[in-house]
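Single-letter residue listing:
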Amino acid sequence: TGRLGAQTRVLDVGCGRGELLSLLKRERQCQCTGTDINPDVVNLVRSQLGIEVLQGQLDELTLPVADYDLVTMTEYLEHEPRPALMLELARQRLKPGGFVAVEVPDITGPPGRWFRANWWQIDAPRHLMFFSPSTLTKSLEDAGFEVLRVERYGMLTSMGYSLLQAMGLHYFGSNKLMYL
């Protein structure tokens, strides 16, 4: 059953459409809060999922200090021009012994190395920062975290999208077909 349960307080920074929060609420009964900068997304998650979502960047929001058991940043940090600040603010929001889970595209993974300029995660101008396992680890450690594990995953998806992009079918953040 794992450590996540009804008493677990989760903050998802850059929650998007709230899929992770919805899963944690439904499957583990976690107490979930999200943040996002897009007002339409915030309203959608609030109304359709019944999850508290605050609009704005982490440094703009009034969130309690040392209140969350888990802070997640899924496909968020690469969009952030100030990742070090966001990691520090996330650490401040965690209870002692809390955890942060970060997911970012890995620029040094096989798809990034093989497809280079056609790697679909380049996604300029939306992706501002690129991380490798070592730079993500250093960023987390510099923010005061102890890194427990770094894993690579999602290579097949990244390969497929990168191949399509190399064939001329460019991915842009507004391309609705890519979200099917």
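Residues numbered from 1 in each chain as written. Predicted model: local features only at pLDDT ≥ 70, side-chain atom pairs only at ≥ 80, totals over all residues. Heavy atoms only, no water.

## Some remarks on the confidence of the model for the protein
Any region with low pLDDT has predicted coordinates that should not be read closely.
Moving on, step 1. Taken as a whole, the protein shows an average pLDDT of 87; of its residues, 89% reach a score of 70 or greater.
Moving on, step 2. Taken as a whole, residues 174-180 scores under 50 in pLDDT and shows seven contacts with residues more than four places along the chain or in a different chain. (pLDDT = per-residue confidence, 0-100. Contact = heavy atoms within 4.5 Å.)

## A few points about the pattern of salt bridges
Moving on, step 1. The tally for this structure, following the rule as stated, stands at nine salt bridges.
Moving on, step 2. With a shortest N-O distance of 3.2 Å, Glu-80 and Arg-82 are connected by a salt bridge.
Moving on, step 3. By relative accessible area, which is 1% here, Glu-80 ends up buried.
Moving on, step 4. Note on Arg-82: relative accessible area 33%, which makes it partly exposed.
Moving on, step 5. Salt bridges sharing common partners tie together Asp-59, Glu-80 and Arg-82. (Salt bridge = Lys/Arg side-chain N within 4 Å of Asp/Glu carboxyl O. Buried < 20%, exposed > 50% of the residue type's maximum accessible area, 1.4 Å probe, protein only.)

## What about the nonpolar core?
Moving on, step 1. In terms of nonpolar packing, the biggest core is built from 21 residues, with Leu-58, Met-73 and Leu-77 touching the most fellow members.
Moving on, step 2. Breaking this core down by element, the ones donating at least two residues are β1 (9-13), β4 (68-74), α3 (83-93) and α5 (133-142).
Moving on, step 3. When residues in this core are grouped by element, the largest group, four residues, is from α3.
Moving on, step 4. Grouped together as the second largest cluster of nonpolar side chains are 12 residues, Cys-15, Leu-24, Val-42 and Leu-70 included. (Core = buried A, V, L, I, M, F, W, Y, C linked by side-chain atoms within 4.5 Å. Helix = DSSP H or I, 4+ residues; strand = E, 2+ residues; numbered from the N terminus.)

## Here's the deal with the sheet that holds strand β5 (residues 94-103)
Moving on, step 1. Reading across from one edge, β3-β2-β1-β4-β5 is the order of the five strands in this open sheet, with parallel pairing throughout. Each having just a single partner strand, β3 (52-55) and β5 make up the two edges of the open sheet. Strand-to-strand, the axes of this sheet are offset by a mean angle of 20 degrees, without reference to chain direction.
Moving on, step 2. Pairing of β1 with strand β2 (residues 31-36), which is carried by five bridges, proceeds in the parallel orientation. The residue bridging Leu-11 from the neighbouring strand is Thr-33, located in β2.
Moving on, step 3. Contacting β1, β4 and β5, α3 crosses the sheet at an angle of about 140 degrees to β5. (Pairing = 2+ DSSP bridges. Axes fitted to C-alpha atoms, helices over the stretch in contact; angles between N-to-C directions.)

## Points about the pairing of β2
Moving on, step 1. Within β2, five of the six residues are buried, leaving the element largely enclosed by the surrounding structure.
Moving on, step 2. Of the crossover connections in this fold, the one passing from β1 over helix α1 (residues 19-28) to the parallel β2 is right-handed.
Moving on, step 3. Both β2 and β3 contribute to a ladder of four bridges, which runs parallel. Looking at β3, one finds that Thr-33 is bridged to Glu-52.
Moving on, step 4. In this fold, the crossover linking β2 to β3 by way of helix α2 (residues 39-49) has right-handed handedness. (Right-handed = clockwise from strand over helix to strand, strands pointing away.)

## Structural notes on the environment of Ala-101
Moving on, step 1. Here Ala-101 is to be found in strand β5.
Moving on, step 2. Residue classification places Ala-101 among the partly exposed residues on the basis of a relative accessible area of 34%.
Moving on, step 3. For the pair Ala-101 and Met-73, spaced 28 residues apart in the sequence, the C-alpha separation amounts to 6.3 Å.
Moving on, step 4. Other than its neighbours up to four places away in sequence, Ala-101 contacts Leu-70, Val-71, Thr-72 and Met-73.

## With respect to unusual backbone geometry
Moving on, step 1. The backbone of Gln-29 shows a phi angle near 60 degrees, a positive value even though the residue is not glycine.
Moving on, step 2. Relative to the helices and strands, Gln-29 resides in the loop between α1 and β2.
Moving on, step 3. Positive phi, close to 55 degrees, is recorded for Glu-75, a residue that is not glycine.
Moving on, step 4. Relative to the assigned elements, Glu-75 resides in the loop between β4 and α3.

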